[in-house]
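# Understanding the architecture of this molecule
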Amino acid sequence: MLIIEKPTYDAIVEHARRDHPDEACGVVAGPAGSDRAVRLVPMLNAAMSPTFYEFDSGDLLRLYKEMDERDEEPVVIYHSHTATEAYPSRTDITLAQEPGAHYVLVSTRDGADSPAYDGPVEFRSYRIIDGEVVEEEVRVVGSYEETKGDN
Amino acid sequence: MAIELRVPTILRTYTGGEKAVNGDGATLAEFIDNVNGAHPGLKERIVEGEPEELRRFVNVYVNDEDVRFTGGLKTGVKDGDVVVVLPAVAGG
């Protein structure tokens, strides 16, 4: 299960809507071993494409060095699909190389990017390990303080 | 002195969980061969094809420089250098 704070959840959805029709991407870092996604790092999609995303290689190195210095790991890796459902594509599955991460997909299809749209936006989370996809529940909390003792 | 390889999480199965291992070589290709001697299997996750090339979705940096801009596997390395391997974060 992915437990995520509401402000982070909202910021990911907002990023996806803002970058539509290109795919948006980023990570939410958290203390190593905590499974808490606390530090949102929106990344530039170097592919600038509606069907592909890739972190710029220089940005990627800076991000990982920064996480290393802070003793963090990528708790969430997110990206958007802009014309299809929020389910990992074949490419997503092949290229997933962070076995410890929650892979979050947001879909901005069917006008969900429009400023006038105020309905729900698809937001789903998966584990992707060795080519196998397992969807997991997403629980949105106001703050991780509420979940104290749950783990 | 030696050359240090920083190993990403997904490849630590080849290094017994170690985050960093040491090796030697005059070029990146030699260094990867050398490290692979002690940690078999590591090389094929970084390099592919014949002639050998870096895998498209694996990034390798020598002293913070992406080796795609410095000669790829032919990039020179020396004692004290730090080689970082990071899988691309990418998808469709």
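In the nomenclature of an unreviewed UniProt entry, chain B corresponds to Molybdopterin synthase sulfur carrier subunit from the organism Kribbella capetownensis.

Per an unreviewed UniProt entry, chain A carries the name M67 family peptidase and comes from Kribbella capetownensis.

### Digging into the overall build of chain A
Check the secondary structure of chain A and you find 3 helices and 9 strands. Counting from the amino terminus, helix and strand elements in chain A follow one another as β-α-β-β-β-α-β-α-β-β-β-β. For a compact globule of 151 residues, the expected C-alpha radius of gyration is about 15 Å, and chain A comes in at 15 Å, within 12% of that figure. If one aligns the C-alpha atoms of chain A with their principal axes, the spans along those axes are about 40 × 35 × 25 Å. Here chain A holds 151 residues, and 46% of them are scored as buried. Considering only residue pairs separated by 6 or more positions, chain A has 65% of its internal contacts joining residues 24 or more positions apart. With the model as given, the accessible surface of chain A reaches about 7,400 Å², and the carbon-plus-sulfur share is 49%. Once the 14 positive and 31 negative side-chain charges of chain A are each reduced to a mean point, those two points are 3 Å apart.

### Concerning the overall build of chain B
Of regular secondary structure, chain B possesses 1 helix and 8 strands. Element order for chain B, N to C, with α for helix and β for strand: β-β-α-β-β-β-β-β-β. Against the 2.2 N^0.38 benchmark of 12 Å for 92 residues, chain B shows a C-alpha radius of gyration of 12 Å, consistent with a compact globule. If one aligns the C-alpha atoms of chain B with their principal axes, the spans along those axes are about 40 × 30 × 25 Å. Expressed as a percentage of the 92 residues in chain B, the buried residues total 47%. Long-range contacts, defined as pairs at least 24 residues apart, comprise 48% of the intrachain contacts of chain B with a sequence gap of at least 6. Carbon and sulfur atoms provide 49% of the accessible area of chain B, an area that totals close to 4,600 Å². Charged side chains of chain B number 10 positive and 15 negative; the gap between the two group centres comes to 6 Å.

### Overview of the interface of chain A and chain B
Each side of the interface is counted separately: chain A has 21 residues, and chain B has 16 residues. Around 1,800 Å² of area is buried between chain A and chain B when both sides are counted, 57% of it from carbon and sulfur atoms. The tally of links between chain A and chain B comes to 2 salt bridges. With its nearest N and O atoms 2.8 Å apart, the salt bridge here joins B:Arg56 to A:Glu54.

### Considering the sheet that holds strand β1 (residues 3-6) of chain B
All names here are of chain B. Ordered in space as β2-β1-β7-β5-β6, the 5 strands form an open sheet in which the pairing is mixed. In this open sheet, the two edge strands, each paired with only one partner strand, are β2 (20-23) and β6 (65-66). Pairing of strand β5 (residues 58-62) with strand β7 (residues 82-87), which is carried by 5 bridges, proceeds in the antiparallel orientation. Each residue of the ladder has a partner; that of Val60, found in β7, is Val85. Sheet contacts for helix α1 (residues 28-38): β1, β2, β5 and β7; angle to β2, the most-contacted strand, approximately 110 degrees.

### Considering the sheet that holds strand β7 (residues 122-129) of chain A
Residues and elements named next belong to chain A. Strand order in the open sheet formed by 6 strands is β3-β2-β5-β6-β7-β8, and the pairing between neighbours is mixed. Edge positions in the sheet fall to β3 (39-43) and β8 (132-136), since each has one partner strand and no second. Across the sheet, the mean angle separating the axes of adjacent strands is 30 degrees when strand polarity is ignored. Alignment of β7 against β8, held across 5 bridges, turns out to be antiparallel. Bridge pairing in β8 places Tyr126 opposite Glu135. Across the sheet, helix α1 (residues 6-19) touches β2 (25-31), β3, β5 (72-81), β6 (102-107) and β7, and the angle it forms with β3 is around 5 degrees. The strands touched by helix α2 (residues 57-69) within the sheet are β2, β3 and β5, with β3 carrying the most contacts at an inclination of about 170 degrees.

### A few points about α1(A)
Here α1(A) spans 20 Å end to end across 14 residues, near enough to the 20 Å set by a 1.5 Å rise per residue. For α1(A), every residue scored as buried is listed here: A:Thr8, A:Tyr9, A:Ile12, A:Val13, A:His15, A:Ala16 and A:Arg17.

Quick notes on the rules
Residues numbered from 1 in each chain as written. Chains lettered and ligands numbered in written order. Predicted model: local features only at pLDDT ≥ 70, side-chain atom pairs only at ≥ 80, totals over all residues. Heavy atoms only, no water. Helix = DSSP H or I, 4+ residues; strand = E, 2+ residues; numbered from the N terminus. Rg over C-alpha atoms; globule rule 2.2 N^0.38 Å. Buried < 20%, exposed > 50% of the residue type's maximum accessible area, 1.4 Å probe, protein only. Contact = heavy atoms within 4.5 Å. Areas by Shrake-Rupley, 256 points an atom, 1.4 Å probe, with all protein chains shown as cover. Lys, Arg positive; Asp, Glu negative; His and termini not counted. Charge placed at Lys NZ, Arg CZ, Asp CG, Glu CD. Buried area = accessible area lost by both parts, 1.4 Å probe. Salt bridge = Lys/Arg side-chain N within 4 Å of Asp/Glu carboxyl O. Pairing = 2+ DSSP bridges. Axes fitted to C-alpha atoms, helices over the stretch in contact; angles between N-to-C directions. Expected span 1.5 Å × (residues − 1).

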